[in-house]
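Here are the chains, one letter per residue:
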Amino acid sequence: MSFQGKKLINDPNDVVTEFIEGLVETYPGLQYLDGFPEIKVVLRGDVSGPSYDKVAVISGGGSGHEPAHAGYVGPGMLTAAICGDIFASPPVDSILAGIRAVTGPKGCLLIVKNYTGDRLNFGLAAEQAKSEGYKIESVIVGDDCALPPPRGIAGRRGLAGTVLVHKVAGAAAAAGLSLVDVAAEAKRASEMVGTMGVALSVCTLPGQVTSDRLRHGKMELGLGIHGEPGAAVADIQPVDVVVSHVLNQILSMETHYVPITRGSRVVLMVNGLGATPVMELMIVARKAVPELQLEHGLAEITHLLRFQFLFHNHALSRPQELSKQGYLLEAAIEAAANEIINLKDNLNEWDSRVGDGDCGTTMYKGAAAILEDMKKHYPLNDAAETINEIGASIRRVMGGTSGIIYDIFCKAAYAKLKEGSPLSTSITAKKCKMCIHVSCISRLLYVKQCILNAGADALEASIAAVSKYGGAKAGYRTMLDALIPASAVLQERLSAGDEPSTAFLLSSEAAEAGAESTKQMQAQAGRSTYVSGEILATVPDPGAMAASAWYKAAALAVKNHPRS
């Protein structure tokens, strides 16, 4: 039976903001950046970017892993931490704000856990910062030893070992090393860290129902840090058995995840994922230290560490009077957003089995923001600018991989439409007359055909951009498995001369079929990569289902609209 977890909180939507406020009150050496709470950045109070004479070290990610990452801001560690929403990557604007605030002439190192959303958001922020003249280097940490290689394009997950990389990089920066040398030290540390997680229960997200995935008397081996399923489910075993299994997995000579051999000196971190009592952690340590020395021949455990761990300004406005195309666009957007809102619980349920359980909540935030912003400032008579504004709405409220992927999707569509198609500006009667000199009805049909052709080209460009930056392709079990067949059918039917709204609707059926087909796919991207094929076969990909849902809702709205 599922139930809502008990939390000492106020509004679930404010937990990250209130955590930061409490942290800054507790530790006077910390402060939050201007723009808070929209910009959630914690930084050292004694650092000012233009005058800072050392390499800045920045990390961050989704919240819910405290004290990571904001709790590690301080001398010899992080210069700043960028906080996303619970289990959601921080947005590009927040990362950029953090870089600008603390980066001086010696540059900045970004330490990023290996999750798609983190890589994309920190990567785009790094590129923007470089274009502004900042010296930037990045190190990706993937220390998960629970799953054997290969893991598709996703690679190994970034886990608690990232904290040790923070320490190495922070010490190198404090010693005055150059950016290149600090990055090299951090990279070397990241290649020598191995982590494996064990869970006796499923994590609880503020305000959400707790999954009943893990039954009584069972434990999960090799879980991630966002509640995604572990590599295996087993009967609960005595802690000594569990510790031996975990150490054997990390130090396995078959996978050779870490270059640690007999005689090596190591650092051991026993990490409670925020929920394990100190007593139990000490029992784990009691077994782990002699096991490493006697069974694995490690010469010295040098440290035993315990952690409880691990603006967009709208210059555009809504037209006072909508054109025919404006009405159609409004209807399509409204239908698509409402469909996502209605699908929230189903998306969360599917995602709880193959991911971190928040797909529906994240998509809901984006859909709600789109509906609200459309009332105020979407220039609906200009489809290109409207799509660009949709991307801005998404970027503002949607964290994690979904947010940055849809932002890229919208940016690519906007760029394609701006190349000169009829969608790039308002379609007026004057423009219509310039297109073709035939009867008024023929002109309207021509414009409608131009709109759908341009939309098809924009969809194709968006798919290409998402694939380029996210790495996913057809068959990888992502949203593209819904959109790629939709794009193919849309192009095919328009080329065959089908009535445009009919072609749109037929392509939406291909999107539905593509989303459903993800049940038969082995994940090659995202957190589902770490889930067994048996579990994946019971659930379609939530991202693909969301994409097919909004796509079909938009197609139906256009087909059934009285102005269509």
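Everything here concerns the structure above.
Rules used in this analysis
- Residues numbered from 1 in each chain as written.
- Predicted model: local features only at pLDDT ≥ 70, side-chain atom pairs only at ≥ 80, totals over all residues.
- Heavy atoms only, no water.
- Pairing = 2+ DSSP bridges.
- Helix = DSSP H or I, 4+ residues; strand = E, 2+ residues; numbered from the N terminus.
- Axes fitted to C-alpha atoms, helices over the stretch in contact; angles between N-to-C directions.
- Parallel < 35°, antiparallel > 145°, perpendicular 65-115°, else oblique.
- Left-handed = near helix turned anticlockwise from the far one by under 90°.
- Contact = heavy atoms within 4.5 Å.
- Nonpolar A, V, L, I, M, F, W, Y, C, P; charged D, E, K, R; others polar.
- Expected span 1.5 Å × (residues − 1).
- Buried < 20%, exposed > 50% of the residue type's maximum accessible area, 1.4 Å probe, protein only.

Some thoughts on the sheet that holds strand β11 (residues 232-235)
Piece 1. Taken together, the three strands give an open sheet; going across it, the order is β8-β10-β11, and neighbouring strands pair in antiparallel fashion. Edge positions in the sheet fall to β8 (198-199) and β11, since each has one partner strand and no second.
Piece 2. Here β8 runs beside strand β10 (residues 218-221); their pairing, made up of two bridges, is antiparallel. Bridge pairing in β10 links A199 to E220.

Observations concerning the packing of helix α4 (residues 162-174) against helix α5 (residues 179-190)
Piece 1. Where α4 meets α5, the closest approach of the two axes is 9 Å, and the angle between their N-to-C directions is 160°. Accordingly, the angle class assigned to the pair α4 and α5 is roughly antiparallel. Two packed elements cross with a definite hand, and for α4 against α5 that hand is right-handed. Residues V165, V168, A169, A172 and A173 of α4 touch α5, and the partners they reach there are V182, E185, A186, A189 and S190.
Piece 2. Here the residues of the contact of α4 with α5 sort into eight nonpolar, one polar and one charged.

With respect to helix α6 (residues 239-250)
Piece 1. Counted at 1.5 Å a residue, the expected span for α6 with its twelve residues is 16 Å, and the 16 Å between its end C-alpha atoms agrees.
Piece 2. Residues of α6 that are buried include every one of V242, V243, S244, V246, L247 and I250, and no others.
Piece 3. Those residues of α6 that are buried are in contact with β8, β10 and α7 (278-295).

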